[in-house]
Amino acid sequence: MADLYALDLAFDLLDTTPDDVLAEVRRQLTGDGLLSTRGPAWRVGGMLVGEFGPGERDGWALTARQEVHEEQLPEVEDLLLLLAPHIRPPGPVGRLRFYEHEAPDLLVLREGRVVQLALDRR
């Protein structure tokens, strides 16, 4: 049994985001970074992508869809903790779905933090 999750992120960063934070996002999208895989997903279906660039409004836009292992979830949390103060509010920033579940949990910016809102799976 694989402990894989589909991670979908889509949000804007403020134009005041520090250069070192922007550099970390770029690093995560290249090489062996958390958001660097491209091509067909192994277990969660669809394609794995990651894009980062100037946003439609002032600032930056990030969109990524990745397949992450349960062991990588602390790294996801660390990245979101780094980015949370710079995300343009309000609203959802992404979704996280265990590959065997039909519905994802929402990732939402609340009081300067990204929190996971689990759906009722009854």
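That block above? That's the structure.
Predicted, not measured: the structure shown is a model, and the values here were computed from it.

Details of a negative patch on the surface
Taken together, the side chains of Asp32, Glu75, Glu77 and Asp78 make up a negatively charged region of the molecular surface. Within the fold, aspartate 32 resides in the loop between α1 (19-28) and β2 (39-40). Using a relative accessible area of 74% as the deciding quantity, one classes aspartate 32 as exposed.

Some remarks on the nonpolar core
Most often, soluble globular proteins have nonpolar side chains that are buried together. If you look at the biggest cluster of nonpolar residues, it comprises 34 residues, and the most contacted ones within it are Leu7, Phe11, Leu13, Leu35, Leu83, Ile87 and Val114. Those elements giving two or more residues to this core turn out to be β1 (4-13), α1, β3 (47-54), β4 (60-69), α2 (73-83), β5 (92-98) and β6 (105-110). Top element by residues in this core is β1. It accounts for seven residues. Aside from chain neighbours lying at most four places away, what touches leucine 13 is Leu22, Val25, Phe52, Asp58, Gly59, Trp60, Leu83, His86, Ile87 and Arg88.

Some words on the side chain of glutamate 24
Mapped onto the secondary structure, glutamate 24 falls in helix α1. A polar contact is formed between the side chain of glutamate 24 and the side chain of glutamine 28, at a distance of 2.7 Å. Not counting chain neighbours up to four residues away, the residues in contact with glutamate 24 comprise Leu79 and Leu82.

Some points on the side chain of arginine 65
Mapping arginine 65 onto the fold places it in strand β4. For arginine 65, a relative accessible area of 19% puts it in the buried group. Within the structure, arginine 65 has its side chain in polar contact with the backbone oxygen of glycine 45 (distance 2.7 Å). A polar atom in the side chain of arginine 65 sits 3.3 Å from the backbone oxygen of methionine 47. For arginine 65, the contacting residues outside a window of four places in its chain are Ala6, Leu7, Asp8, Ala41, Val44, Gly45, Gly46, Met47, Leu48, Val49 and Arg97.

Some details on the environment of aspartate 19
Here aspartate 19 lies in helix α1. Residue classification places aspartate 19 among the exposed residues on the basis of a relative accessible area of 63%.

Let's talk about the pattern of salt bridges
Tallying each qualifying case throughout the model produces four salt bridges. Here the salt bridges do not stand alone but share partners, grouping Asp8, Arg65 and Arg95 into one network.

Considerations on α1
Among all positions in α1, only Val21, Leu22, Glu24, Val25 and Gln28 are buried. Along the axis of α1, the buried residues cluster in a sector spanning 155°; they form a single face. Along α1, exposed side chains directed more than 90 degrees from the buried face belong to Asp19 and Asp20. Contact partners of the buried residues in α1: β1, β3, β4 and α2.

Reading guide: rules and limits
Residues numbered from 1 in each chain as written. Predicted model: local features only at pLDDT ≥ 70, side-chain atom pairs only at ≥ 80, totals over all residues. Heavy atoms only, no water. Patch = residues over 30% accessible without salt bridge, like charges linked within 9 Å, V, L, I, M, F, W, Y side chains within 5 Å. Areas by Shrake-Rupley, 256 points an atom, 1.4 Å probe, with all protein chains shown as cover. Salt bridge = Lys/Arg side-chain N within 4 Å of Asp/Glu carboxyl O. Lys, Arg positive; Asp, Glu negative; His and termini not counted. Charge placed at Lys NZ, Arg CZ, Asp CG, Glu CD. Helix = DSSP H or I, 4+ residues; strand = E, 2+ residues; numbered from the N terminus. Buried < 20%, exposed > 50% of the residue type's maximum accessible area, 1.4 Å probe, protein only. Core = buried A, V, L, I, M, F, W, Y, C linked by side-chain atoms within 4.5 Å. Contact = heavy atoms within 4.5 Å. Polar contact = N/O pair within 3.5 Å; in protein donor to acceptor, adjacent residues only side chain to side chain. Arc of directions from axis to C-beta.

So, to be careful, I would describe these as geometric facts and stop short of saying anything about function.
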